[in-house]
Amino acid sequence: MKRGKASLLVLMSSAGVLIVSGCGENIQGTATPDIDREDPLVVIETALETMFTWRPAEDESGAAALERAAPYLGPDLASQTGVAQPGPGSQWEQWKLDEAIVRADAVFLADEHPPDNDETVHRVVSITQSATTPNDLLIDENEHIAWAIATRDEDGWRLTSLQF
């Protein structure tokens, strides 16, 4: 299987469980929530980049990145962080052997979306994951398109829905 297809399978197994929505309570995570929680676009971008920046040499699976993103997620989305595990022979294992770091870059697309309101913001986002060796040699790159929804709660905005 080509690396791009295998990488997509890893992404989908890690993120496929995230097709949920929710809002509300405070969620604690290991990321630093020192972002502008009053700007839904900053929250969406930070959540996605945190969720999809992976450290295979250090982390058991992509679930560790989801846990780091928990402060930016609604409770239903954040509660899915312990579920994703890579399958046998996955791209994750090769990245682990390569000591790769997979960095994510989230970019908003100019697609149509429902109008924003005071409580909900919808966006279409391109997420590019770039896997590099410790010497910054690019070994893999994948782009994924996602539909993201952020919802405002008493603590500010959170990413509450993500669909691929």
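These numbers were taken from a predicted model, which means no experiment stands behind them.

Chemist: Quick question: what am I supposed to make of the packing of aromatic side chains here?
Modeler: Ring pairs (aromatic) are described by centroid distance and by the angle formed between their planes. The final tally for this structure, using the stated rule, is 4 aromatic pairs. Where Phe52 meets Trp54, the ring centres are 6.3 Å apart and the plane angle is 50 degrees; that geometry is what we call tilted. Here Trp54 falls in the buried class, since its relative accessible area comes to 1%. By the ring-pair criterion, three or more aromatic residues cluster together here, those being Phe52, Trp54, Trp92, Trp95 and Phe164.

Chemist: In this structure, what is going on with the sheet that holds strand E4 (residues 156–163)? I would like to understand it.
Modeler: Across a sheet, strands are paired by hydrogen bonds formed along the backbone, either parallel or antiparallel in direction. If you trace the 4 strands from one edge of the open sheet to the other, you get E1-E2-E3-E4, paired in antiparallel fashion. Edge positions in the open sheet fall to strand E1 (101–108) and E4, since each of these has one partner strand only. Taking each pair of neighbouring strands and ignoring which way they run, the sheet shows an average axis angle of 35 degrees. Here strand E3 (residues 138–153) runs beside E4; their pairing, made up of 7 bridges, is antiparallel. Counted as the bridge partner of Trp147 is Gln163 from E4.

Reading the values: rules and limits
Residues numbered from 1 in each chain as written. Predicted model: local features only at pLDDT ≥ 70, side-chain atom pairs only at ≥ 80, totals over all residues. Heavy atoms only, no water. Phe/Tyr/Trp six-rings, centres within 6.5 Å; stacked < 30°, edge-to-face > 60°. Buried < 20%, exposed > 50% of the residue type's maximum accessible area, 1.4 Å probe, protein only. Pairing = 2+ DSSP bridges. Helix = DSSP H or I, 4+ residues; strand = E, 2+ residues; numbered from the N terminus. Axes fitted to C-alpha atoms, helices over the stretch in contact; angles between N-to-C directions.

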